[in-house]
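Close look at the chain arrangement
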Amino acid sequence: MSVKENLENIKSNLPKNVILVAVSKTKPVEDLQEAYNAGQRIFGENRIQEMAEKYEQLPKDIQWHMIGHLQSNKIKYMAHFVDLIHGVDKLKTLKEINKQAKKNNRIINCLLQAKIAEEDSKFGLTFDEITNILTSEKLSELENITIVGLMGMSTFTDNKTQIDKEFASLKNYFQNTKKHQTTNCNLHTLSMGMSGDYDIAIKNGSNMIRVGSSIFGKRDYNQ
Ligand SMILES: *Cc1c(COP(=O)(O)O)cnc(C)c1O
């Protein structure tokens, strides 16, 4: 199946409120262009330099999402164009994003990453840590970022009950925390679900899914 057909298949079953991020990490720009030609405008990458190179080569109406773990010293390479940063798991990272956004005269939208999986390998904040960030004095001083929601990844497992439980826990926390609105905190986006589990995520209230292999095919190596 072509990239175009894959996109059409996925989109035909998506509820209207769910935003599809096409995860194009490791894929050549030709593949992204094919998705673009089929109407896709939101792409997700997990390495800042790779995303910046693709940004240079592709049409400028693409919205670029950074979905990977962040290295603070590289944030400057994407601060002028990134549309949404999904994987923020430290206040220190928010400060650096704010600094770079300010230099570029922009406000950058961010999601805080919650740790809902069992695996130690997955990054993220506990719900208490998220609450602490959202209510901290420091956050209100970061005028060039807006926290627009939360992101989470389930455990890599075939156990759908477990995945369901993990997504449900994030959904519940999100529902309760959404009320917390300040000038730079406006929680409306819940980014959960990848190729293997986005149906379960949507059932649990996800309104942004990050889909790679179901659109572009398997990646050569796992990252
Ligand atoms: C790679 C990746 C995805 C997409 O994974 P697929 O299983 O290929 O859909 C989604 N989210 C994050 C954070 C990723 O790193």
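Residues numbered from 1 in each chain as written. Predicted model: local features only at pLDDT ≥ 70, side-chain atom pairs only at ≥ 80, totals over all residues. Heavy atoms only, no water.

The name an unreviewed UniProt entry gives the protein chain is Pyridoxal phosphate homeostasis protein, with Polaribacter porphyrae as the organism. According to the UniProt record, the Sequence similarities (unreviewed entry) comment for the protein chain is "Belongs to the pyridoxal phosphate-binding protein YggS/PROSC family." (UniProt positions renumbered as here; feature names shortened; annotations may be inferred.)

1. Side note on the packing of aromatic side chains
Counted according to the given criterion, the structure contains three aromatic pairs. With 3.9 Å between their ring centres and 10 degrees between their planes, Tyr55 and Phe81 make a pair best called stacked. In this pair, Tyr55 sits in helix α3 (residues 48-57) while Phe81 sits in the loop between β3 (63-66) and β4 (84-88), placing the two residues 26 residues apart along the sequence. The residues Tyr55 and Phe81 share a single accessibility class, namely buried. The ring of Tyr36 has Arg41 sitting right over it, with the charged end atom 3.5 Å from the ring centre. Sitting over the face of the ring of Tyr55, Lys60 holds its NZ or CZ atom 4.7 Å from the ring centroid. (Phe/Tyr/Trp six-rings, centres within 6.5 Å; stacked < 30°, edge-to-face > 60°. Helix = DSSP H or I, 4+ residues; strand = E, 2+ residues; numbered from the N terminus. Buried < 20%, exposed > 50% of the residue type's maximum accessible area, 1.4 Å probe, protein only. Lys NZ or Arg CZ within 6 Å of the ring centre and 35° of its normal.)

2. What about the pattern of salt bridges?
Summed over the entire model, instances satisfying the criterion amount to eight salt bridges. Through salt bridges with shared partners, one network takes in Glu45, Glu50 and Lys54. (Salt bridge = Lys/Arg side-chain N within 4 Å of Asp/Glu carboxyl O.)

3. What about the nonpolar core?
Note that soluble globular proteins tend to have their nonpolar side chains buried in a common cluster. Of all hydrophobic cores here, the largest spans 62 residues; its most connected members are Met78, Ile85, Leu94 and Leu112. Ranked by residues supplied to this core, first place goes to helix α7 (residues 160-177) with five residues. Beyond its immediate chain neighbours, meaning those up to four positions away, Leu112 contacts His86, Val88, Leu94, Leu125, Ile130, Ile133, Leu134, Ile147, Gly149, Leu150 and Met151. Of all hydrophobic cores here, the second largest spans seven residues; its members include Val21, Leu84, Met151 and Met208. (Core = buried A, V, L, I, M, F, W, Y, C linked by side-chain atoms within 4.5 Å. Contact = heavy atoms within 4.5 Å.)

4. As for the site of the ligand
Every one of the 13 residues lining the ligand counts as a neighbour, but Lys25, Ser195, Gly212, Ser213 and Arg219 are closest to it. Contact between the ligand and Arg210: a nitrogen atom at 2.9 Å from a side-chain N or O atom of the residue. Contacts to the ligand include Gly212, whose backbone N or O atom sits 2.8 Å from an oxygen atom. Sorting the residues of the shell around the ligand by element identifies β6 (145-153) and β8 (208-211) as the ones contributing at least two each. Taken together, the residues of the shell around the ligand sort by class into six nonpolar, four polar and three charged. (Near = heavy atom within 4 Å. Polar contact = N/O pair within 3.5 Å; in protein donor to acceptor, adjacent residues only side chain to side chain. Nonpolar A, V, L, I, M, F, W, Y, C, P; charged D, E, K, R; others polar.)

5. Examining the pairing of strand β1 (residues 19-23)
With four of five residues buried, β1 is to be regarded as a mostly interior element. Taken together, β1, helix α2 (residues 29-37) and strand β2 (residues 42-45) form a β-α-β motif whose crossover is right-handed. (Right-handed = clockwise from strand over helix to strand, strands pointing away.)

6. Focus on the environment of Gly44
Looking at the secondary structure, you find Gly44 in strand β2. By relative accessible area, which is 0% here, Gly44 ends up buried. Taking the C-alpha atoms as reference points, Gly44 and Thr126, 82 residues apart in sequence, are found 24 Å from one another. Apart from the residues lying within four places of it in its own chain, the contact partners of Gly44 are Val21, Ala22, Val23, Ser24, Lys25, His65 and Ile67.

7. Notes on the packing of helix α5 (residues 127-134) against α7
α7 packs onto α5 with a crossing angle of 25 degrees between their chain directions and a minimal axis gap of 12 Å. Accordingly, the angle class assigned to the pair α5 and α7 is roughly parallel. When you trace α5 past α7, the crossing you get is right-handed. Contacts between α5 and α7 involve Phe127, Ile130, Thr131 and Leu134 from the first element and Ser169, Leu170, Tyr173 and Thr177 from the second. (Axes fitted to C-alpha atoms, helices over the stretch in contact; angles between N-to-C directions. Parallel < 35°, antiparallel > 145°, perpendicular 65-115°, else oblique. Left-handed = near helix turned anticlockwise from the far one by under 90°.)

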